[in-house]
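Read off the chains here:
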Amino acid sequence: MFKKILLIFLLLLIMGCEQKDNSTYAPIYSNSNKISKTTYILGIHPLHNPKRLFEVYQPLVDLINSKLDNVELKLEASRNYAAYDEKLFSGYFDFSLPNPYQTVKSLDHGYKVFGKMGDDKSFRGIILVRKDSGIKEISDLKGKVVSYPAPTALAATMMPQWYMYKHGIDISKDITNNYVGSQESSIMNVYLKKSDAASTWPPPWRAFIKERPEIAKEVEVKWTTEFLPNNGLVVKKDIPDKLLKEISDIFFNLHKTKIGLEILKPMELSKFEKADEATYKNVKEFLINFEKEVGNIRDER
């Protein structure tokens, strides 16, 4: 009897092992025919706060992705200029839209210029004051607080500081410089009387007028600087030429189509255009003169 029970136990054990082995080798099938895509990161410098930046630039990224095979762009915003600079100068972005100062600096960090925003005459600094501030002359800024987005914002910081310097203001002694992180914050600081004047540049100011007219009507543009070449388009040097050409063609032909014009409109831009390192010769000269006469550019990284 004991032998029969032992035999039955051994048979059950063998059958269990066979069932286990069979399940181990069962094939796994996939219903997905999707081909994995290579992702490249497009970084936009802090033209706007992150939420607004995605509203403005995601339609462009969606259009580009609709025209590429097995490749996709991913849009990435940065919380402020310091965070953006850290990513750009470490080679994190594959494609990027930096301001001209960052464009020039990126050339030492593995990037090359392939294009830029058009409308160079919009790339200038403007200095705002409240209409009830009593500030009439540039000399009235002495002893006052001036807000800016960030030390490395060329049009919205360095160019206004250069303008003030050329009109008799010692930037390091005569005024208090307050770097507040974004274009919108700079404008709001003067409206809220946290600063006596605010620096920005035309596109975010025009957008602000449309979005916050009740606030904008209390503020006015008091001074305007000269202009320089607009924001650049840069790419890492190891990006395939074929991909660069495909993406370049989309950028440079936006203004020729209805959908492209709709994408450009919230950017306050008429077109993107071809450019190279030589395009930014005047920017390099400006930066040299700025550091020689006004002071070293403060890198927040």
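The structure under discussion appears in the preceding block.
Our subject in this report is the structure included herewith. (Residues numbered from 1 in each chain as written. Predicted model: local features only at pLDDT ≥ 70, side-chain atom pairs only at ≥ 80, totals over all residues. Heavy atoms only, no water.)

Here we take up the side chain of Asn-230. Inspection of the secondary structure assignment puts Asn-230 in the loop between strand 9 (219–227) and strand 10 (232–236). Its relative accessible area of 2% is what places Asn-230 among the buried residues. At a separation of 3.4 Å, a polar atom in the side chain of Asn-230 contacts the side chain of Asn-231. Among all residues touching Asn-230, those that are not within four sequence positions of it are Pro-100, Lys-116, Met-117, Gly-118, Asp-119, Asp-120, Phe-123, Trp-201, Leu-269 and Tyr-280. (Helix = DSSP H or I, 4+ residues; strand = E, 2+ residues; numbered from the N terminus. Buried < 20%, exposed > 50% of the residue type's maximum accessible area, 1.4 Å probe, protein only. Polar contact = N/O pair within 3.5 Å; in protein donor to acceptor, adjacent residues only side chain to side chain. Contact = heavy atoms within 4.5 Å.)

Right, let's talk about the packing of helix 6 (residues 183–191) against helix 7 (residues 202–211) for a bit. Running from amino to carboxyl end, helix 6 crosses helix 7 at an angle of 65°, the nearest separation of the two axes being 10 Å. Classified by chirality, the crossing of helix 7 by helix 6 is right-handed. In this structure, helix 6 uses Gln-183, Ile-187 and Met-188 to contact helix 7, whose residues at the interface are Pro-204, Trp-205 and Phe-208. Taken together, the residues of the contact of helix 6 with helix 7 sort by class into five nonpolar, one polar and no charged. (Axes fitted to C-alpha atoms, helices over the stretch in contact; angles between N-to-C directions. Left-handed = near helix turned anticlockwise from the far one by under 90°. Nonpolar A, V, L, I, M, F, W, Y, C, P; charged D, E, K, R; others polar.)

Inspection of every chain in the model, using the stated rule, returns 15 salt bridges. One salt bridge connects Lys-242 with Glu-246, and the closest N-O pair in it is separated by 2.7 Å. Placement of the pair is Lys-242 and Glu-246 together in helix 9 (residues 241–252), with a separation of four residues, close to one helical turn. Its salt-bridge partner being Lys-245, residue Asp-249 comes within 2.9 Å of it at the nearest N-O pair. Placement of the pair is Asp-249 and Lys-245 together in helix 9, with a separation of four residues, close to one helical turn. Residue class for Lys-245 comes out exposed when judged on its relative accessible area of 53%. What emerges from the salt-bridge pattern is a single network uniting Lys-51, Arg-52, Glu-55 and Glu-211. (Salt bridge = Lys/Arg side-chain N within 4 Å of Asp/Glu carboxyl O.)

Note that all results are geometric; they support no functional claim without further evidence.
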